[in-house]
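# Overview (structure and organization)
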Protein chains: 2
Amino acid sequence: MPVTLKQLAERTGKSITTVSRALAGYDDVSEETKKLVRRVADELHYTPNFLARSLQKRRSRTISLILPTDSPRFSDPFFSEFLTGVANMAAECGYDLLLSVQAPGEGEMELYQRKVSSGQVDGFVVVRTRRRDPRIAWLYKSQVPFVAFGRTENGADFPFVDVDGVKGMRLIGEHLIGLGHRRIVFLSSPSELLFVEHRLDGLRQAMTTHGLDPDEMRILQGDLTQKSGYEATVSLLDGGNPPSAIVACNDLMALGAMSALHERGISVGPDIAVTGFDDIPMAEHAHPPLTTIHQPIYEIGRKVCEKLVRLIAGEELASRSEILEPRLIVRSSCGSLRKQPDQTGR
Amino acid sequence: MPVTLKQLAERTGKSITTVSRALAGYDDVSEETKKLVRRVADELHYTPNFLARSLQKRRSRTISLILPTDSPRFSDPFFSEFLTGVANMAAECGYDLLLSVQAPGEGEMELYQRKVSSGQVDGFVVVRTRRRDPRIAWLYKSQVPFVAFGRTENGADFPFVDVDGVKGMRLIGEHLIGLGHRRIVFLSSPSELLFVEHRLDGLRQAMTTHGLDPDEMRILQGDLTQKSGYEATVSLLDGGNPPSAIVACNDLMALGAMSALHERGISVGPDIAVTGFDDIPMAEHAHPPLTTIHQPIYEIGRKVCEKLVRLIAGEELASRSEILEPRLIVRSSCGSLRKQPDQTGR
DNA sequence: ACTCTAAACCAAAACGTTTTGGATGTCAAG
DNA sequence: CTTGACATCCAAAACGTTTTGGTTTAGAGT
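Residues numbered from 1 in each chain as written. Chains lettered and ligands numbered in written order. Predicted model: local features only at pLDDT ≥ 70, side-chain atom pairs only at ≥ 80, totals over all residues. Heavy atoms only, no water.

## Overview of the interface of chain B and chain A
- The interface is formed by 53 residues belonging to chain B together with 53 residues belonging to chain A.
- Carbon and sulfur atoms supply 59% of the area buried between chain B and chain A, which totals about 4900 Å² over both sides.
- Sorting the residues of chain B by area buried against chain A places Leu51(B), Arg73(B) and His285(B) first, and these three jointly supply 14% of that buried surface.
- Taken together, the links from chain B to chain A amount to four salt bridges.
- The residue Lys227(A) makes a salt bridge to Glu284(B) at a minimum N-O spacing of 4.0 Å.
- Applying the counting criterion to the chain B and chain A interface returns 13 residue pairs in polar contact (both at pLDDT 80 or more).
- In terms of residue count, the dominant contributor to the side of chain B that touches chain A is helix α5 (residues 77–92) of chain B (seven residues).
- When the residues that make up the side of chain B that touches chain A are grouped by side-chain class, the tally is 23 nonpolar, 18 polar and twelve charged.
- In terms of strand pairing, strand β2 (residues 96–101) of chain A meets strand β2 (residues 96–101) of chain B through three bridges, oriented antiparallel. Looking at β2(B), one finds that Leu99(A) is bridged to Leu97(B). (Contact = heavy atoms within 4.5 Å. Buried area = accessible area lost by both parts, 1.4 Å probe. Salt bridge = Lys/Arg side-chain N within 4 Å of Asp/Glu carboxyl O. Polar contact = N/O pair within 3.5 Å; in protein donor to acceptor, adjacent residues only side chain to side chain. Helix = DSSP H or I, 4+ residues; strand = E, 2+ residues; numbered from the N terminus. Nonpolar A, V, L, I, M, F, W, Y, C, P; charged D, E, K, R; others polar. Pairing = 2+ DSSP bridges.)

Structure below.
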């Protein structure tokens, strides 16, 4: 039912070839003909058939992002912002974004393979990189264009964008230690996510630098959700001997921790300091506002996508990988400030 | 480079037709041949070319979801959960999900038209329906399959899933009034989103039922973000004559409002009650935990997607539209409870 | 020996593009 | 008059499927 090149050819009295080339702007078509064709195409509301074009060009102008979540309910304000960054940049570059959900493990690699060998997508945005990441190993060896948000352990030379988590957490650690905190608990995640490790390392470095023994730091396991931060903190408090500071490896868990503290009537900031990482919008409006590390997540999304588009087009990337500087946002959850105006500059 | 039917035909000594039909399971192919073809296909890791197939079948098995956001940064925990619901169900039905971002207005309709007339997608999931929604008007008249999450004003007979916002807010209103609240402020949104109107109506109904004059209720404008809830509340408090309860039309704004109250040293619950709507994960862990209306957003995503797939397949829907019952979740932000265990049953 | 049926197969067309490799006509230079 | 250059056009092939409309072969029935 939709208008095709064939119909345009009939209406204009030209051949399909000429119509196609006229619309594409080739200069072996006279100006006059181009105008005619364009006019008729507009009149009939011609839209090129995406499938036919992609089939012939062997390019779908579509990129894929596969959400590696196992919990069916996936609620992360951080991610939706990243996603809009990717989607917006993709649109600007004339690309489409295909979104899938697939838990790590069983069937994960098959999905990646299928997407590419079916010709459906030209490349991938890889998120939540793992220490030894089979997705990256495969994509790399198969020469499929991809850009990751995050790194892997075996520093392979693949294109990625990341925030310097080690440094970020070092900033947090130094800030806390500077405030006099000595008994610190780290709220971690048991998964094989590498960024968690980076952040822990950063904290350790800060401690070492200031003559503290990192091995004495307690580490609690969560799973990056607010709930798990809450639960870990509850059990921490139940165990007695509370710390002076709780350092969570992301904002969501930090908010959960604050929740548990409040519940026990413990004043966050003065009594026990809490810090996060990410600077999700909510961090600014928490009680008290959360000290954290800002990640320009929307821009990272855009950057990742832009790199990917370049890669697909066959351009050489000036900088294959990019590690962004973290920015410490001091708010009152660590006790150094008391009800001050906002510091983010957002 | 990928394996094609042609190559399978060569390897098996059969024709392309037979290979195609063998894989599709037609019964004019002998069992023996089918086995042979399947074996060879497995060996060579054959994956059908998605584009060629879609082109010929005139079905892309892809559905589109266009995020109607104007702010480039879009951070909504509510939405990412909806999205995973849609994506998971789509995957289960063998469909893919194409995600785009496009602000309402200028160019919005063109995007919808282009997606369908280019043959790229078979149908749409429409979110954030507006009172008079041009997307729905167009999709309806063009006979393009779609299912909406939310309704429009001119109760046209299109397929949708929604939660009964009127009733939900009535539950909230009655609860608050039952607790003795009389001076209520509604945190609204200036947009033409219909659900906001429903919620306001529900609150008004509750007031009327209990002999209160809804016209005396103050209404503040926000834009559904936490920040706007915060700001609206700050200006409310600055204006003096504070209410006894703040009813926000979504959780995010309620959290923002709580933020502002805390900052002024006003105790949420005992001093001023605050309620939300949505029951995002964060609501449970807020301080104090937020009284709100639960929306099974993940399931709604699944439902919407399932309906859409049915529609595309040409099936008649048993129930074109579905209005789900809201569930009141009473927590302590409205002052009726004091540090009680969680009530959600999540 | 002939027809009929059923089983198994397949060539060609079709889907709507783009690309390839010319074809045609005009005009100026030789 | 011929040649070459240039501008403009286009038929056909290709992309990888599925569908259409058959054909071929073997065996059964008469």
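## Some points on the sheet that holds strand β6 (residues 184–188) of chain A
All names here are of chain A.
- Taken in spatial order, the four strands make up an open sheet running β7-β6-β8-β9, and their pairing is parallel. If you trace the sheet from one side to the other, it starts and ends with β7 (218–221) and β9 (273–275), each paired once. Going across the sheet, the axis of each strand differs from the next one's by a mean of 20 degrees, ignoring polarity.
- By the bridge criterion, four bridges tie β6 to β7 in an arrangement that is parallel. Bridge pairing links Val 185 to Arg 218 in β7.
- Contacts between helix α8 (residues 165–178) and the sheet are confined to β6, β8 (245–248) and β9, with β8 contributing the most and set at about 175 degrees to the helix. (Axes fitted to C-alpha atoms, helices over the stretch in contact; angles between N-to-C directions.)

## Some remarks on the relation of the copies chain B and chain A
- Superposition of chain B onto chain A requires a rotation of 180 degrees combined with a translation of 0.1 Å along the rotation axis, giving an RMSD of 0.1 Å. Read as a symmetry element, the transformation amounts to a two-fold axis.
- Most of the interface of chain B is mirrored in chain A: 100% of its interface residues are interface residues there too. (Least-squares fit on C-alpha atoms with pLDDT ≥ 70 in both.)

## Comments concerning the nonpolar core
- The biggest cluster of nonpolar side chains holds 152 residues, and the ones touching the most others in it are Ile63(A), Phe82(A), Ile63(B) and Phe82(B).
- Those residues in contact with Ile63(B), other than ones at most four positions away along the chain, are Val86(B), Ala90(B), Tyr95(B), Asp96(B), Leu97(B), Leu98(B), Val121(B), Gly123(B), Val125(B), Cys305(B), Leu308(B) and Ile312(B).
- Among the nonpolar cores identified, the runner-up in size contains 32 residues, and Val126(A), Leu139(A), Leu139(B) and Ala148(B) belong to it. (Core = buried A, V, L, I, M, F, W, Y, C linked by side-chain atoms within 4.5 Å. Buried < 20%, exposed > 50% of the residue type's maximum accessible area, 1.4 Å probe, protein only.)

## Here's the deal with the packing of helix α1 (residues 5–12) of chain A against helix α3 (residues 31–43) of chain A
Residues and elements named next belong to chain A.
- Where α1 meets α3, the closest approach of the two axes is 10 Å, and the angle between their N-to-C directions is 120 degrees. Here α1 is positioned oblique relative to α3, judged by the angle of their axes. Crossing hand, α1 versus α3: right-handed. In this structure, α1 uses Leu 8, Arg 11 and Thr 12 to contact α3, whose residues at the interface are Leu 36, Val 37, Val 40 and Ala 41.
- Of the residues belonging to the contact of α1 with α3, the class tally is five nonpolar, one polar and one charged. (Parallel < 35°, antiparallel > 145°, perpendicular 65-115°, else oblique. Left-handed = near helix turned anticlockwise from the far one by under 90°.)

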